[in-house]
Amino acid sequence: MRFRHSDGTAVHLAYCTNVHPAETLEGITAQLTAYAEPVRKATGEPVIGLGLWLPVDAAAALAADPAATDRLRRELTARGLETVTLNGFPYKGFHAPVVKRAVYYPDWSEPARLDYTLNLARILARLLPDDAERGSVSTLPLAWRTAWSRTQSAAAMRQFDALAAGLRRIRAETGRTVRVAVEPEPGCVAETTTQAVEALKGVDHDWIGLCLDTCHLAVAHEDPDTAIAQLLTAGVQIVKVQASSALEAGDPSDPRVREALSAFAEPRFLHQTREPALAGGALLGSDDLGPALAGALPGEAPWRIHYHVPLHEEPAPPLASTGPVLRDSLRALFGGDHAVTDHIEVETYTWSVLPEDERPVGEAGLARGIAAELTWTARELTGLGLTPTVPAAQKEPGS
């Protein structure tokens, strides 16, 4: 789905395919038929965007075989799908029975993370629609915070230098621009906007910027206007925004609230939980919802939980979502005289681990849910004055 801002910027809206479990090229192609095409049909749009997640082995295979990448692009085009952004945060095994902290490895001190990210950039340069100005790849905010040393930080900075050089080579070879977006997340080296600005000091801001995930922003109890202004003042480009909502508990001391929250404490993903300290100052935090419920947090102030909930509907009372933070973020990014970014990715990867009575039923149910999220986001964008547009016809790869 595409939109035009009043300043002329083409704004791309996609949904992220890390919600689907496939890890092979064959499985990824099958997803297009099983999910992505039905999502498009449910929206009624002629073309929708996919924020593809390509696990490391699939990415290596595609990067080594440009003809295979061209075939993937043809498969996308034939189904009314296009890709301007990739999610390079999960490396592999994102739908293993237990993911938790494994998603943060390899981190940015390790060469494997650089190799993977550059492979994604090479692939995206071939997948980009002919008329797309640029592509984006989101990635983790350096590492999980524990055991992060100065030595690892220095290694990460060297890797970012090599990343920028690699992205420049890709543009020289292909004529296509692909930028990488570091995505702050609770519990990581860069959790807050301030930490992200510090972490990105010294990197080449023409090539490496920030992915603003609005769920993560909400969990950190940050104000969107303040965070966005801080990034722009520091010269950090917002390369991409992930439209997402966190789970919110207004009164975690209430037994009814705790009972409702317990249904969201599940074993696959990490659900970092944050609570404002009553005396002010730093947030109180738990690295997962289960420990928070077991007493790691006092429960004297509202909790925000890193649990991506569907955008278009609120959780059942007494719980809520941080939808207002998402709306405020979209307004700050697109409601002014110019668009602050041009790539939006709906990223609700937790559909399969929602409490049983809230999960979609089967492939068709999931497709309808994702389509509803895209429709909701599109409505928010048009309400901010953006105009829907239709992409031009694409050339065959190699023509």
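Residues numbered from 1 in each chain as written. Predicted model: local features only at pLDDT ≥ 70, side-chain atom pairs only at ≥ 80, totals over all residues. Heavy atoms only, no water.

A. Layout of the overall build of the protein chain. Within the protein chain, the secondary structure is distributed over 12 helices and 15 strands. What you see for the protein chain is a C-alpha radius of gyration of 20 Å, in line with the 21 Å of a compact globule of 399 residues. Its C-alpha atoms give the protein chain principal-axis dimensions of about 65 × 50 × 45 Å. Taken over 399 residues, the protein chain has a buried fraction of 58%. (Helix = DSSP H or I, 4+ residues; strand = E, 2+ residues; numbered from the N terminus. Rg over C-alpha atoms; globule rule 2.2 N^0.38 Å. Buried < 20%, exposed > 50% of the residue type's maximum accessible area, 1.4 Å probe, protein only.)

B. Broad picture of the pairing of strand S6 (residues 178-182). Taken across its 5 residues, S6 has 5 buried, putting it largely inside the fold. Strand direction decides the pairing type here: strand S5 (residues 135-139) and S6, joined by 5 bridges, are parallel. Following the sheet pairing, Thr139 is matched in S6 by Val182. Each parallel crossover has a hand, and the one from S5 via helix H5 (residues 150-174) to S6 is right-handed. Sheet topology places S6 next to strand S7 (residues 208-213); 3 bridges connect them, and they run parallel. Counterpart to Ala181 in the pairing with S7 is Gly209. (Pairing = 2+ DSSP bridges. Right-handed = clockwise from strand over helix to strand, strands pointing away.)

C. Highlighting the sheet that holds strand S10 (residues 273-275). The 5 strands are arranged S11-S10-S12-S9-S13 in an open sheet whose pairing can be described as antiparallel. Two strands close off the open sheet at either side, each with one partner strand: strand S11 (284-286) and strand S13 (319-321). This sheet shows a mean twist of 30° between the axes of neighbouring strands, independent of strand direction. For S10 and strand S12 (residues 303-309), the ladder comprises 2 bridges, and the chain directions are antiparallel. Note that in S12 the partner of Arg274 across the bridge is Arg304. (Axes fitted to C-alpha atoms, helices over the stretch in contact; angles between N-to-C directions.)

D. Layout of the pairing of S7. Burial within S7 is extensive, with 6 of its 6 residues counted as buried. Where S7 and strand S8 (residues 238-243) come together, 4 bridges link them in parallel fashion. When the sheet's bridge partners are listed, Asp213 is paired in S8 with Gln242.

E. Geometry of the environment of Asp70. Checked against the element boundaries, Asp70 lands in helix H3 (residues 66-78). Counting along the chain gives 56 residues from Asp70 to Arg126, while the straight-line C-alpha distance between them is 6.9 Å.

F. Examining the packing of aromatic side chains more closely. Within the structure shown, the criterion is met by 9 aromatic pairs. Through successive ring pairs, a cluster of aromatic residues spans Trp53, Phe94, Phe269 and Tyr349. (Phe/Tyr/Trp six-rings, centres within 6.5 Å; stacked < 30°, edge-to-face > 60°.)

G. Structural detail: the nonpolar core. If you look at the biggest cluster of nonpolar residues, it comprises 121 residues, and the most contacted ones within it are Tyr15, Leu54, Leu163, Ile208, Leu261, Trp303 and Phe334. The element that contributes the greatest number of residues to this core is helix H4 (residues 111-127), accounting for 9 residues. Residue contacts for Phe334: discarding those within four places in its chain leaves His5, Val11, Ala339, Thr341, Ile344, Leu381, Leu384 and Leu386. (Core = buried A, V, L, I, M, F, W, Y, C linked by side-chain atoms within 4.5 Å. Contact = heavy atoms within 4.5 Å.)

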